[in-house]
Amino acid sequence: MRTRFPPSPTGLLHVGALRTALFAWLVARKTKGTFILRIEDTDQAREMAGATENIIRTLVAVGLKPDEGVHLDQNGEICERGPFGPYHQSDRLDLYRQYADQLLAGGQAYPCFCTAERLDLMRKDQEKRRQAPMYDRTCCNLSPEEVKNRIEAGEKHVIRLKVPREEIIVYDDLIYGSLTFKGHTVDDQVLLKSDGFPTYHLAHVVDDHLMKVDLVNRGEEWLSSLPKHLILFKFLGWTPPQYAHMPLILNPDRTKLSKRKNSVAVTDYLAKGYLPEALLNFLALLGWNPGTEQELFSLNELIEAFSLERVQKAGAVFDLQKLDWLQGQWMRKIPPQEFVSRIKPLVVEKFPAAGTDPKFLERASLIQERITFFPEAPDMLSYFYEIPNVSLDLIANPKQKIAREDVPKILAMIHEALSGVSDADWSQTAITTALESLIASSGMKKGQILWPLRAALTGREYSPGAYEVATLLGKEETIRRLAAVA
Ligand code: GLU
């Protein structure tokens, strides 16, 4: 299938748009088809400098590289490839004009000279009467001579679609199912603006037809405009593509996902350290489910499992906790060597000694099970490179049944037990044996020994286990830290 992603370059790539792009990309991959990137830059007032580059870079960064259409060359310049260009709508104005003229000639569209002021009054009046806002067709009834004269006099005008009022439009949306629209409820949509630029409605119909697009999956906000698009396809004598309207993405309070409540730019998530794998996995599950218990999906697994039939209509909640959970899962899946090479520069920047640390790999591997974002690594490994601040309040822990007054005694016992392990024997097994026999002989609980040891070595409530930390800290430093607190 030929699928497409046609963003308007009015801002940074939005997470909702990335989900739409992902679904289009998945269908293209699954069907061994083509994923097209088209830039819908017909609203030049809202255009943002750098938006197209951001969109392309972000798609490439997460692994959804377009096969056809707009891309960046080696120098980072925007360029195009593919047999159905141009792929920027602003370079296709003649085409839209040509089809608008064809509709005019067929009596399927008409010029409208109404001013913004008049349309505004009309709308207010409709509001007062509690009528749906809709163009009142004043200009549809002008005589051909009047139209001719006004155009020749250079009067500003737009071109509107002449919706057949009696028409019943029936369509089977791939997600919303069977839909019926009545012609008299459909507005005579502006197709071409007075500046010669098309609206989305005309432009995407022309482009999707000429670019031989098979599937249009787009935000559900376009659902109500679908009848206009179907009428256009009919008037132009073309078969429409398959439409699939994507469910809304909601904040946890079920309002529409908005900038005010959540970050919406994909770049923000990548900059925070979310892995593309986690982000795409998360977005795939926004509205789609595999019908099984599986939650972790690589892109390849998604290609295998994805189908539009399993996309729901109901809005999907953007649950950041779920995203963080997936992020953690994907962090664990990184091969250890790669994990270490990703965090090393960050740790070295904060602790230069880490740069020549022969134990770096082992120390770094300890945190892979717990970390959520790469930038947390320096802090999570800090106690290997600086003496931690250890408070007695941390060591005394009611949950572990450790009373404050017992702390010196417990630390002294640990100190003694570990001093008995020789330098040459210092290993996780030897440390474990020594401490287990201490636990047995003292009659204390495991936590009453392991918690104080871990707290004394790391100064933290959460860290890898006491045995691992002591092993990788080395005997001398472990003994020194125990003595320092006691
Ligand atoms: N430019 C439109 C948008 O960004 C595209 C919608 C579509 O996929 O057709 O919403």
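Residues numbered from 1 in each chain as written. Predicted model: local features only at pLDDT ≥ 70, side-chain atom pairs only at ≥ 80, totals over all residues. Heavy atoms only, no water.

Description of the overall build of the protein chain
The secondary structure content of the protein chain amounts to 20 helices and 13 strands. Counting only C-alpha atoms, the protein chain reaches 105 × 50 × 40 Å along its principal axes. The proportion of buried residues among the 486 residues of the protein chain is 50%. Of the contacts made within the protein chain by residues no fewer than 6 positions apart, 71% connect residues no fewer than 24 positions apart. Accessible surface for the protein chain amounts to roughly 23,300 Å². Of this, 51% is attributable to carbon and sulfur atoms. Taking the 60 positively charged and 63 negatively charged side chains of the protein chain as two groups, their mean positions are separated by 4 Å. (Helix = DSSP H or I, 4+ residues; strand = E, 2+ residues; numbered from the N terminus. Buried < 20%, exposed > 50% of the residue type's maximum accessible area, 1.4 Å probe, protein only. Contact = heavy atoms within 4.5 Å. Areas by Shrake-Rupley, 256 points an atom, 1.4 Å probe, with all protein chains shown as cover. Lys, Arg positive; Asp, Glu negative; His and termini not counted. Charge placed at Lys NZ, Arg CZ, Asp CG, Glu CD.)

Quick notes on helix α17 (residues 428-442)
An ideal rise of 1.5 Å per residue puts 21 Å on 15 residues; α17 measures up with 21 Å between its terminal C-alpha atoms. Listing the buried residues of α17 in full gives A430, I431, T432, A434, L435, L438 and I439. In the stretch just after α17, G443 is the one whose phi turns positive, near 70 degrees. (Expected span 1.5 Å × (residues − 1).)

Re the sheet that holds strand β9 (residues 190-192)
Strands sit in the order β5-β6-β9 across an open sheet of three strands; the sheet is antiparallel. The open sheet terminates on both sides in strands that have one partner only, identified here as β5 (109-112) and β9. Along the sheet, successive strands turn relative to each other by an average axial angle of 45 degrees, direction set aside. Examined bridge by bridge, strand β6 (residues 158-161) and β9 share two bridges and lie antiparallel to one another. Bridge pairing in β9 places R160 opposite V190. (Pairing = 2+ DSSP bridges. Axes fitted to C-alpha atoms, helices over the stretch in contact; angles between N-to-C directions.)

As for the site of the ligand
Neighbouring the ligand are the residues R4, P6, S8, E40, Y200, R218 and W222. Between the ligand and R4, the relevant distance is 2.7 Å, taken from an oxygen atom to a side-chain nitrogen or oxygen of the residue. Within the side chain of Y200, a nitrogen or oxygen atom sits 2.4 Å from an oxygen atom of the ligand. In the complex, 81% of the free accessible area of the ligand, which totals 300 Å², lies under the protein chains. Cavity membership is defined here by more than half of the atoms lying within 2 Å of grid points; on that basis the ligand lies in the largest pocket. Classifying every residue of the shell around the ligand gives three nonpolar, one polar and three charged. (Near = heavy atom within 4 Å. Polar contact = N/O pair within 3.5 Å; in protein donor to acceptor, adjacent residues only side chain to side chain. 1 Å grid on protein atoms, 1.4 Å probe; cavity = no way out; pocket = protein on both sides within 12 Å on 5 of 7 lines; lining within 4 Å. Sits in = over half its atoms within 2 Å of the grid points. Nonpolar A, V, L, I, M, F, W, Y, C, P; charged D, E, K, R; others polar.)

A closer look at the nonpolar core
In terms of nonpolar packing, the biggest core is built from 85 residues, with L18, L59, L202, L283, L308 and F318 touching the most fellow members. The dominant element in this core, judged by the number of residues it contributes, is helix α1 (residues 15-30), at ten residues. Aside from chain neighbours lying at most four places away, what touches L202 is Y96, A100, L103, L191, L192 and L232. Judged by nonpolar contacts, the second largest core, of 58 residues, contains A354, V407, V469 and L482. (Core = buried A, V, L, I, M, F, W, Y, C linked by side-chain atoms within 4.5 Å.)

Structural notes on the pattern of salt bridges
As enumerated under the stated definition, the model contains 26 salt bridges in all. In this structure, K475 and D423 form a salt bridge, with 3.7 Å as the shortest nitrogen-oxygen distance. Of the two residues, K475 is situated in helix α20 (residues 475-485) and D423 in the loop between α16 (407-419) and α17; the sequence distance between them amounts to 52 residues. Classification of K475 as buried rests on a relative accessible area of 17%. Residue D423 is classed as exposed on the basis of its relative accessible area, which comes to 61%. Several salt bridges converge on common partners, so that one network encompasses R4, R38, E40, R92, D207 and D208. (Salt bridge = Lys/Arg side-chain N within 4 Å of Asp/Glu carboxyl O.)

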